[in-house]
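Close look at the chain arrangement
So you can see what is in the structure, the chains are spelled out below.
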Amino acid sequence: MSIRDFKAFIEFAYENSPAVRDKFAAAGLKPEDVRGVEDLPRLPVTRKSELGRRQQEAPPFGGFLAVPLERVQRIFASPGPIYDPQGEGEDYWRWRQALVAAGFQAGDVVQNTFSYHLTPAGFMFDSALRSLGCTVVPAGVGNTELQAQIMRDLRVTGYIGVPSFLYALLKKAEELGFASELALRRAWITAERLSEELRLLLREKYGVSVFQGYGTADTGCVAYECAEMKGLHLAEGVVVEVVDPQTGEPVPDGETGEIVITLMEETYPLLRLATGDLSAFVAEPCRCGRPGKRLAGVLGRAAEGVKVRGLFLYPHQVAELAGEFPQVRALRAVVTQRDFRDELMLETELNQGSEETPDLAATLASRAKELLRLRAQVVFVPPGTVGEALVVDKR
Ligand SMILES: [Zn+2]
């Protein structure tokens with residue numbers, strides 16, 4: 001069960017979870033020192049590696065389990081292995097709120113293509129869908145042709161899974177000549193990047209509205225899209241922070257940082273779980289009227305970040321910069337050091353017919369200053385110089 005009141009949550013977690021007590025002790029704090037969400041950064045983040053180590057030392061849940069084992073319904077093993085409990089309740093992982101925002105409702109027949117084995121995703125959405133009154137087809141992973149046929153035969157109206165498999169199913173239905181007979185109208189996807197190009201294609205060509213959200217095997221639902229499809233609303237039952245991956249301190253709204261989640265759940269009260277995923281807070285209100293900040297989607301992995309002059313530089317920022325200049329064919333950021341000082345060079349390849357002018361170099365550098373908050377030297381390089389990596393650290 002989720003605990004709504006933050007103070008009550010901290011008290012419960014401290015009282016019942018040895019790992020939580022341990023984290024407080026390590027920080028030299030008592031529960032009364034963490035009275036509100038704003039006090040959370042006083043506690044250190046919990047890395048996946050720490051969770052794994054704690055679980056090996058105190059199996060199976062590393063001392064985070066705060067209820068007797070007989071109240072655990074299922075145990076999952078995610079890669080690591082990291083063990084995750086399913087506590088009591090018909091929608092333990094709280095995904096129903098995300099599916100409601102996407103328009104799923106009673107009477108829908110939904111093909112759930114997440115795995116039902118070892119990892120929790122299959123059961124997560126299965127329970128949320130059934131709590132809504134949807135009929136679930138527990139399809140799991142793979143069997144594209146059979147799944148396409150099932151989609152037609154059962155008049156499936158909704159899809160849950162990753163976007164690439166949805167696309168594969170629809171293409172298969174097309175190949176088999178029955179794409180036009182499908183009743184699929186709505187899809188909810190996660191765990192894989194959704195390009196706006198694919199989202200548009202799925203809507204225009206196949207008539208499927210695609211919604212996405214974000215969560216983890218340990219924490220369930222974290223954030224989800226509404227009908228506006230502009231950023232992810234924060235879910236109930238978790239506290240979400242966006243922090244500097246090195247210090248664990250929150251970054252200002254609009255700045256990229258690592259997503260850190262506190263699960264306000266009595267079964268498994270995880271404190272400040274560092275996900276390794278990057279996002280930024282959007283503070284402007286959403287047109288749908290839901291209150292609070294949103295997450296600007298998942299922007300990459302924190303491990304891809306390189307610290308330059310004290311600031312993190314991420315590949316997605318470099319891609320964004322390049323995307324603003326139609327003349328640019330490819331661009332990469334190269335970090336070097338001279339006289340013990342970090343230097344940033346933007347190696348830029350231009351499209352055929354575009355000219356390497358000082359003006360363009362200056363515009364690129366000034367836009368880089370705004371987007372990356374770093375002074376950079378723009379260097380034009382011949383086609384083929386820039387490889388796959390968008391950020392290269394040569395220090
Ligand atoms: Zn909204």
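In what follows, the accompanying structure is described.

Thresholds applied
- Residues numbered from 1 in each chain as written.
- Predicted model: local features only at pLDDT ≥ 70, side-chain atom pairs only at ≥ 80, totals over all residues.
- Heavy atoms only, no water.
- 1 Å grid on protein atoms, 1.4 Å probe; cavity = no way out; pocket = protein on both sides within 12 Å on 5 of 7 lines; lining within 4 Å.
- Points joined across faces, edges and corners; volume = space filled by probe spheres on them.
- Nonpolar A, V, L, I, M, F, W, Y, C, P; charged D, E, K, R; others polar.
- Pairing = 2+ DSSP bridges.
- Helix = DSSP H or I, 4+ residues; strand = E, 2+ residues; numbered from the N terminus.
- Axes fitted to C-alpha atoms, helices over the stretch in contact; angles between N-to-C directions.
- Parallel < 35°, antiparallel > 145°, perpendicular 65-115°, else oblique.
- Contact = heavy atoms within 4.5 Å.
- Donors = N, O, S within 2.8 Å, 3.2 Å for Na, K, Ca; no water.
- Buried < 20%, exposed > 50% of the residue type's maximum accessible area, 1.4 Å probe, protein only.
- Right-handed = clockwise from strand over helix to strand, strands pointing away.

Comments concerning empty space enclosed by the protein
For the structure on display, the rule yields one cavity of 30 Å³ or more. Roughly 40 Å³ of volume is contained in the largest cavity. For the largest cavity, the full set of lining residues is Tyr 92, Trp 93, Arg 94, Asp 218, Thr 219, Gly 220, Leu 263 and Glu 265. Residue composition of the lining of the largest cavity, grouped by class: three nonpolar, two polar and three charged.

Observations concerning the sheet that holds strand β7 (residues 209-216)
Across a sheet, strands are paired by hydrogen bonds formed along the backbone, either parallel or antiparallel in direction. Strand order in this open sheet of nine strands is β4-β3-β5-β6-β7-β8-β9-β14-β13, and the pairing throughout is mixed. With partners counted over all chains shown, the strands left at the sheet margins are β4 (135-138) and β13 (281-282), one partner each. Strand direction decides the pairing type here: β7 and strand β8 (residues 220-224), joined by four bridges, are antiparallel. Residue pairing across strands places Thr 216 opposite Gly 220, the latter belonging to β8.

Notes on the packing of helix α1 (residues 6-16) against helix α2 (residues 18-26)
Taken N-terminus to C-terminus, the directions of α1 and α2 make an angle of 105 degrees; their axes are 5 Å apart at the nearest point. For the element pair α1 / α2, the angle class is roughly perpendicular. When α1 is examined against α2, the residues Ile 10, Ala 13, Tyr 14, Glu 15 and Asn 16 are found in contact with a partner set consisting of Pro 18, Val 20, Arg 21 and Phe 24. For the contact of α1 with α2, the class distribution of residues is six nonpolar, one polar and two charged.

Notes on the coordination of the zinc ion
Summarising the metal site, the zinc ion is bound by the protein donors Cys 226 (SG), His 233 (NE2), Cys 286 (SG) and Cys 288 (SG), whose distances to it range over 2.1 to 2.3 Å. Counting residues between consecutive donors of the zinc ion along the chain gives the motif C-x6-H-x52-C-x1-C. A relative accessible area of 8% means that Cys 286 is categorised as buried. Relative accessible area serves as the criterion here: at 30%, Cys 288 is assigned to the partly exposed category.

Looking at the sheet that holds strand β12 (residues 273-279)
Spatially, four strands are ordered β10-β11-β12-β15 in an open sheet, and the strand pairing comes out antiparallel. Because the sheet does not close on itself, it has two edges, and the strands there are β10 (238-243) and β15 (300-301). Where β12 meets β15, two bridges bridge the pair, whose relative direction is antiparallel. Note that in β15 the partner of Asp 277 across the bridge is Arg 301.

Overview of the pairing of strand β3 (residues 109-112)
Residues of β3 alternate between two faces, with Val 109 and Gln 111 on one and Val 110 and Asn 112 on the opposite face, all of them buried. The pairing of β3 with β4 spans four bridges and is classified as parallel. When the sheet's bridge partners are listed, Val 109 is paired in β4 with Thr 135. One crossover worth recording links β3 to the parallel β4 by way of helix α5 (residues 121-132), and it is right-handed. Two strands pair when backbone bridges link them, and β3 and strand β5 (residues 158-161) are joined in this way by three bridges, in the parallel orientation.

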